[in-house]
Amino acid sequence: MLKMHNIRKSYRTDTIETHALRDFSLEVNEGEFVSVTGPSGSGKTTFLNIAGLLETPTGGEYRLDGEDVSNLNDHQRSRLRNEKIGFIFQGFNLIPDLNLFDNIDVPLRYRGFNGKERKKRIEKVLEQVGLSARAKHLPAQLSGGQQQRVAIARALAGEPRFLLADEPTGNLDSLMARQVMELLEFINEWGTTIVMVTHDPDLARRAHRNIQIVDGQVSDLHRTTAPAAAEIA
Ligand SMILES: Nc1ncnc2c1ncn2[C@@H]1O[C@H](COP(=O)(O)OP(=O)(O)OP(=O)(O)O)[C@@H](O)[C@H]1O
């Protein structure tokens, strides 16, 4: 599903060039749940941003569903991103003035779904994350864990095949973190491929596979259980 070969990403400022990713190669199969760990500054977010087509690599090849997406223009990348990829961030990124229903509605409007289709999708995902009764609440009226579940619902409403999560439990206490992790595991069982960056070793171990990034490279591939892709095939 995701195949990166010798990806490089450098950031250049006036005085210094930082090599955030160096000869970074990785394959993620359809249906897998992959956790990504590594020291601060090792390139985890850079990898996720390239995987999610938010940034372009400086070099190397990236194939998504068999299509070479290494050199797409902004318009092509945002079209593919909207079609295939959902994002979850540490800070939830909800719009404070909009209730839950309307927060989830924003990307669906952008995608051009009609009102009936949007309502159907929003009700479905709110039910999936257990927050149907809260549709008219504002984000500030929810706990951190509930806000993250809304952010997950918003990502799911677009029915992405691929969900990218950057420290999704970083702002949560351990109970809420576990609940969010359980929700991600359910979503993965329903068929969505997940790549999750985390600093939490317990959560990282619960994925099918953990990848460590050190100095911009994959340092170790360690499979903890059989991949979901093999179960699906
Ligand atoms: N926009 C940018 N401009 C310049 N340097 C950058 C930029 N984004 C990232 N970097 C550098 O690239 C390297 C990798 O950063 P990245 O954010 O991917 O690390 P990370 O593993 O996600 O770190 P953390 O765990 O602290 O979030 C770091 O040295 C960082 O300073």
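See the structure printed just above.
Position labels on residues start from 1 in each chain and follow its written sequence. Totals for whole chains, interfaces and linings use every residue, but because this is a predicted model, local features are given only for residues with pLDDT of at least 70 and side-chain atom pairs only at 80 or more, for both listing and counting.

Draft legend 1. Representation of the pairing of strand β8 (residues 193-197) within the structure. For every residue, the other C-beta atoms within 10 Å of its own C-beta are counted; 20 or more classify it as buried, 12 or fewer as exposed, and values in between as partly exposed. C-beta atoms are placed from the backbone. Secondary structure elements follow DSSP: runs of H or I of four or more residues count as helices, runs of E of two or more count as strands, with numbering from the N terminus. Counting buried residues in β8 gives five out of five residues, a clear majority hidden from the surface. Here β8 shows no split at all, with T193, V195 and V197 on one side and I194 and M196 on the other all buried. Where strand β7 (residues 162-166) lies against β8, five bridges are found, and the strand directions are parallel. Residue pairing in the sheet places L164 in a bridge with V195 of β8. When the strands point away from the viewer, a crossover counts as right-handed if the route from the first strand across the helix to the second turns clockwise. Taken together, β7, helix α6 (residues 174-189) and β8 constitute a β-α-β crossover, and its handedness is right-handed. Two strands pair if DSSP finds at least two bridges between them.

Draft legend 2. Spatial organisation of the environment of T37. Mapped onto the secondary structure, T37 falls in strand β3 (residues 33-37). Each C-alpha atom of the pair T37 and Q212 lies 4.9 Å from the other, and the pair is 175 residues apart in sequence. Note that contacts rest on C-beta atoms placed from the backbone: two residues are in contact if these are within 7 Å. Ignoring anything within four residues of it in the chain, the contact list for T37 reads T198, H199, A204, N210 and Q212.

Draft legend 3. Region of the structure containing the packing of helix α5 (residues 144-157) against α6. Between α5 and α6, whose axes approach to 9 Å, the crossing angle comes to 20°. Comparing their axes, α6 and α5 come out roughly parallel. Considering how the two elements wind past one another, α5 and α6 form a crossing that is right-handed. Residue-level inspection shows G144, G145, Q148, R149, I152 and L156 of α5 in contact with α6, the latter providing M176, Q179, V180, L183 and I187. Polar here means any residue other than Ala, Val, Leu, Ile, Met, Phe, Trp, Tyr, Cys and Pro, which are nonpolar, and Asp, Glu, Lys and Arg, which are charged; Gly is therefore polar. Class assignment of the residues belonging to the contact of α5 with α6 gives a composition of six nonpolar, four polar and one charged. A fitted line through C-alpha atoms serves as each axis, taken over the contacting stretch for helices, and the angle formed by two N-to-C directions is quoted from 0 to 180°. If an angle is under 35 degrees, it is roughly parallel; if it is over 145, roughly antiparallel; if it lies from 65 to 115, roughly perpendicular; otherwise it is oblique. Handedness of each helix crossing follows the sense of rotation of the near helix against the far helix: counterclockwise by less than a right angle gives left-handed, clockwise gives right-handed.

Draft legend 4. Geometry of the site of the ligand. Each residue gets a C-beta atom placed from its backbone. If that atom is within 6 Å of a molecule or strand, the residue is near it. Inspection of the region around the ligand gives Y11, T18, A20, G38, S40, G41, S42, G43, K44, T45 and T46 as its neighbouring residues. Of all the secondary-structure elements, those providing two or more residues to the shell around the ligand are β2 (17-28) and α1 (44-51). Here the shell around the ligand is composed, by residue class, of two nonpolar, eight polar and one charged.

Draft legend 5. Geometry of the nonpolar core. Joined through C-beta atoms within 7 Å, a set of buried Ala, Val, Leu, Ile, Met, Phe, Trp, Tyr and Cys residues constitutes a nonpolar core. One finds A153, L164 and V195 to be the most contacted residues of the largest nonpolar core, which totals 59 residues. No other element matches α5, which puts seven residues into this core. Look past the residues within four positions of V195 in its chain and what remains in contact with it is V28, V34, V36, L48, A51 and L164.

Draft legend 6. Spotlight on the sheet that holds strand β5 (residues 67-68). Ordered in space as β2-β1-β4-β5, the four strands form an open sheet in which the pairing is antiparallel. Looking at which strands have only one partner, the edges of the open sheet turn out to be β2 and β5.

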